[in-house]
Amino acid sequence: MEAPEKEEISVEDEAVDKNIFRDCSKIAFYRRQKLSKSSTYRALLESVITGDDSTRFQIINDTVKIPLLVKVYGIERNIFRLKINEEAPLKPRYEVPDVLPSKLSTIRLISHTGDTGSLVLAHAKGDLKCHISANPLRIDLVSENDVVMSINSLGQLYFEHLQIPPKERTTKENEESTSIDASQENQEDLGLWEEKFGKFVDVKANGPTSIGLDFSLHGFEHLYGIPQHAESHQLKNTRDGDAYRLYNLDVYGYKLHDKMGIYGSVPYLLAHRLGRTVGIFWLNASETLVEINTEPAVKHTLTQLGPAAAKQKVRCRTDVHWMSESGIIDVFLLTGPAPSDIFKQFSYLTGTQAMPPLFSLGYHQCRWNYEDEQDVKAVDAGFDEHDIPYDVMWLDIEHTEGKRYFTWDKKRFENPQRMQELLRSKKRKLVVISDPHIKIDPDYALYTKAKEQGFFVKNPEGGDFEGVCWPGLSSYLDFTNPKVRAWYSGLFAFSAYQGSTDILFIWNDMNEPSVFRGPELTMQKNAVHHGNWEHRELHNLYGFYQQMATAEGLTQRSKGKERPFVLSRSFFAGSQKYGAVWTGDNTAEWSYLKMSIPMLLTLSVTGISFCGADVGGFIGNPDAELLVRWYQAGAYQPFFRGHATMNTKRREPWLFGEEYTRLIREAIRDRYTLLPYLYYLFYHAHVASEPVMRPLWVEFPDELETFGIEDEYMLGSALLVHPVTEPKATMVDVFLPGSNEIWYDAKTFVHWEGGCTVKIPVALDTIPLFQRGGSVVPMKTAPGRSTGWMADSSYGLRVALSAKGSATGELYLDDGHSFLFLHQKQFLHRKFSFCSSVLINRCADERGHYPSKCVVEQILVLGLRKEPSSVTTHSSDGKNQPVAFTYCAKTSSLTLEKLSLNIDKDWEVHIR
């Protein structure tokens, strides 16, 4: 519910007004860096000091003549860290806290001088080296004598030193104390000490403080990452247009194929080529712009390469130029070499995806707004009446008393606990909204307590910052302050949050933060946070901190026993530790359904596995066909929620006629039968950092054809999904990767060899879904009314054989809601393997213990080339039993039913 002003919302006005937001030409630090004449830095190698955790040396350029301090760190898991800061700044520059673990394990770098004027730093545990050329400064990252990446090879290192404000300087200081080339002074407004945009003036107490650095990726032309943008999964060249902007903004009905920043920012990109994947993590929370330029091999020659690259074969090259408004240069170089290594390296720095409670993987029903308690009761009953599973009812801002969070509208929701008890009786949950803005109202206890303790963001004059959002005039909690976060976490205690119960969970919205009458609908950059830091320094972290505090509050509420669920619109690197995110205010159009796939893939490869898009489109009214296709897509994506804005037509799944109700029911029920596989994927994401939803290039890193595909994706390693994103489609072209792979249609069981594009006929009840040969996918034999009803229901195993007649898969099981899987190893992790016509169930992790009543009732084997003569089960207690079976020669499939094989015991099924 994220329009500029509530009274301005209309269904007809669905496109973002880009005049509200800046493009690159209107951003002063970008103009300054683009206008800057290359000012060459050189390394002072005589200043090199090698310590246990880092190697440090000075660099200087002859224009500014103020030294900068460079620190190079070797970090475990084949990571390098490069930090560049002023050696003696007038005051400390902002360094991003709370994203990295408190202590990174560093590895001492072995240094030795290379050629004259160079230094080589070697990673003691591998073949990685940093070649540092002194004049001009250039750093080459070398692996097995292959230059993978060069830093500052284009001479775009840029660093604006903190300065004394002009009014405080003497005349002499005025002449000398500037880091801006004097020749630029007569250029168009450079925004040094103040910057204008529309009616807003940004006064900069610290003057210009921007930084920039270039990276050249040798042999790479496929780059991904830096969410969030409504753009293709593969990053595009920015040569002829705006740079990618990382600046969290409330953009209602964002424009597609656009590089403007929207709700979240992860300043991290991956580059992939045959045989190598690398990553660049630019740890900076201020406004950041990224330029990308791919040069074919013919455009550069050996003479342009540095000494370390002199013997390299000429290849294509992609140059990436990072620019941030403030802070320091703090960048991590992730060296792979495989995509799986990159995921582990990034999660080592920022954390893995939090293990979600099982209910949160079910279907969520949301609307701005369900009117009252009776409306909630009626919608809940509608799901049961139409036999459609769902797990979570959501309430938007109208459930509160005048947009005062942690309250209830007493007329609409007279007895919120009674409403929650109704949901609890159906084994369902409730999610309510809690935004960061707090209504300025002396009769609102939450406001008065926060004000008394100084918990709001301040304006430059020292008073509380005030802005307009849903409640009208509001102040904004300063979540960057640990005391504010601790206080806010305490608000979720049952004693504090009247009317809440343990089935209530939280949605953080508008936390970019959204400020309706602010510049670009957000907070002024010179607002002041805890520690006297300006908002400009940490803007992109604001929502991250609210989600952190909320997750902590829900965990504390249960005395540390229960997993939280928190959905946040704004996010940063590491937000995956605290919950889920979504793609914000999309529109009910086919193009937005199509764009949701690359947007979710980009989030997934940058650490945030628990992500989704509003099913049906938040803005506008989808027709029945679009709604069905969106449900079919959402059912195979990590976060599955239907949502709509307040002035759209009601669109609960049963309102479009029985035929469409049946199709939506089928899509949602398919999701519920697949939950065992999804839950295992989330466990795997939590412990092994592998994304749940994956672009094809991740699973097939050596197949060039996969590198640009974004209309289909892998769900884990076993399922390939190709949502239908065009109206009235009757045929879809699906690329099936892997020349040695076999792919089975999940509906018809027809199989294809991989490495080709196949034409798949699609009716409205069809979403192309394929199981990869060599996989075993655990499923539930039937969905329940919600996940809570399915705990003890039986399993089915779908075994898809590879060309060699083998298959493997895994199942993970715990109580679905607590931390006992972590603290007391109360979990069950089983591995299924099919080889030599025997299916085996064995323990995959001996540390785990979790008794289960569940049995495997059905087994379907795909790709069995001849009918067996007998099938018998062999259990761990020595009992052998024959099994009745059905074999279909047409589809080469074997079906075993009415089994009763305990999921938590060892057993074998022999097919002869």
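Residues numbered from 1 in each chain as written. Predicted model: local features only at pLDDT ≥ 70, side-chain atom pairs only at ≥ 80, totals over all residues. Heavy atoms only, no water.

## Here we look at the overall build of the chain
And then number 1: Secondary structure summary: the chain contains 15 helices and 54 strands in total.
And then number 2: For 912 residues, the compact-globule estimate of 2.2 N^0.38 gives 29 Å, and the C-alpha radius of gyration of the chain, at 28 Å, lies within 12% of that figure.
And then number 3: When the backbone C-alpha atoms are referred to their principal axes, the chain occupies close to 95 × 70 × 50 Å.
And then number 4: The buried share of the chain, taken over its 912 residues, is 64%.
And then number 5: At a minimum sequence separation of 6, the contacts of the chain that also span at least 24 residues come to 72%.
And then number 6: Accessible area for the chain stands at about 33,200 Å²; split by element, carbon and sulfur atoms hold 50% of it.
And then number 7: The average position of the 101 basic charges and that of the 117 acidic charges among the side chains of the chain differ by 3 Å. (Helix = DSSP H or I, 4+ residues; strand = E, 2+ residues; numbered from the N terminus. Rg over C-alpha atoms; globule rule 2.2 N^0.38 Å. Buried < 20%, exposed > 50% of the residue type's maximum accessible area, 1.4 Å probe, protein only. Contact = heavy atoms within 4.5 Å. Areas by Shrake-Rupley, 256 points an atom, 1.4 Å probe, with all protein chains shown as cover. Lys, Arg positive; Asp, Glu negative; His and termini not counted. Charge placed at Lys NZ, Arg CZ, Asp CG, Glu CD.)

## Overview of the packing of aromatic side chains
And then number 1: Within this structure, the stated rule accounts for 48 aromatic pairs.
And then number 2: Between F565 and F639, the ring centres sit 6.2 Å apart and the planes meet at 35°, which makes this aromatic pair tilted. Of this pair, F565 sits in the loop between α9 (542-557) and β31 (566-568) while F639 sits in the loop between α11 (624-634) and β34 (640-642); the two residues are 74 residues apart in sequence, bridging distant segments of the chain.
And then number 3: Considering the side-chain rings of Y679 and Y812, the 5.8 Å spacing of their centres and the 40° angle between planes classify their relative orientation as tilted. Of this pair, Y679 sits in helix α13 (residues 675-688) while Y812 sits in strand β45 (residues 807-813); the two residues are 133 residues apart in sequence, bridging distant segments of the chain.
And then number 4: Since its relative accessible area comes to 3%, Y679 is described here as buried. (Phe/Tyr/Trp six-rings, centres within 6.5 Å; stacked < 30°, edge-to-face > 60°.)

## As for empty space enclosed by the protein
And then number 1: Per the stated rule, a full pass over the model turns up 7 cavities of 30 Å³ or more.
And then number 2: Roughly 120 Å³ of volume is contained in the largest cavity.
And then number 3: If you trace the largest cavity, you find 15 residues lining it, with F343, S347, Q353, G607 and S689 closest to the centre.
And then number 4: Secondary structure elements with two or more residues in the lining of the largest cavity: α3 (339-350) and α10 (590-605). (1 Å grid on protein atoms, 1.4 Å probe; cavity = no way out; pocket = protein on both sides within 12 Å on 5 of 7 lines; lining within 4 Å. Points joined across faces, edges and corners; volume = space filled by probe spheres on them.)

## Section: the packing of helix α12 (residues 658-673) against α13
And then number 1: Across the interface, α12 lies against α13 with an axial gap of 5 Å and an inter-helix angle of 55°. One element, α12, and the other, α13, form an angle in the oblique class. Counted together, R671, Y672 and T673 of α12 and L675, P676 and L678 of α13 form the full contact between these two elements.
And then number 2: Among the residues forming the contact of α12 with α13, the class breakdown is 4 nonpolar, 1 polar and 1 charged. (Axes fitted to C-alpha atoms, helices over the stretch in contact; angles between N-to-C directions. Parallel < 35°, antiparallel > 145°, perpendicular 65-115°, else oblique. Nonpolar A, V, L, I, M, F, W, Y, C, P; charged D, E, K, R; others polar.)

## What to know about α9
And then number 1: Compared with an ideal rise of 1.5 Å per residue, which puts 16 residues at 22 Å, α9 spans 23 Å between its outermost C-alpha atoms and is within 8% of the ideal.
And then number 2: The buried fraction of α9 amounts to 14 of the 16 residues, a majority that puts the element mostly inside the structure. (Expected span 1.5 Å × (residues − 1).)

## Things to note about the packing of α10 against α11
What describes two packed helices is the angle between their axes and the distance between those same axes.
And then number 1: It is at 10 Å that the axes of α10 and α11 come closest, and there the two elements cross at 10°. By the angle between their axes, α10 is roughly parallel relative to α11. Taking contact as the criterion, the partners of W590, Y592 and L593 in α10 are, on α11, E625, L626, R629, W630 and A633.

## Description of the environment of Y592
And then number 1: Looking at where Y592 falls in the secondary structure, it is placed in helix α10.
And then number 2: Residues in contact with Y592, not counting those within four places in the same chain, are G253, Y254, K255, L256, N586, T587 and W630.

## What about the nonpolar core?
And then number 1: F281, F332, L477, L541 and F565 are the most contacted members of the largest nonpolar core, which has 173 residues in total.
And then number 2: It is α10 that contributes the most residues to this core, 10 residues altogether.
And then number 3: Filtering out sequence-adjacent residues up to four positions away, F332 remains in contact with I75, I79, F80, R81, L100, L104, G279, I280, F281, L283 and L349. (Core = buried A, V, L, I, M, F, W, Y, C linked by side-chain atoms within 4.5 Å.)

## Some points on the environment of W590
And then number 1: If you trace the backbone, W590 turns up in helix α10.
And then number 2: For W590, a relative accessible area of 15% corresponds to the buried category.
And then number 3: In this structure, the C-alpha to C-alpha distance between W590 and R317, residues 273 residues apart in sequence, is 35 Å.
And then number 4: Setting aside chain neighbours within four positions, we find W590 in contact with E625, L626, R629, V724, T725, E726 and P727.

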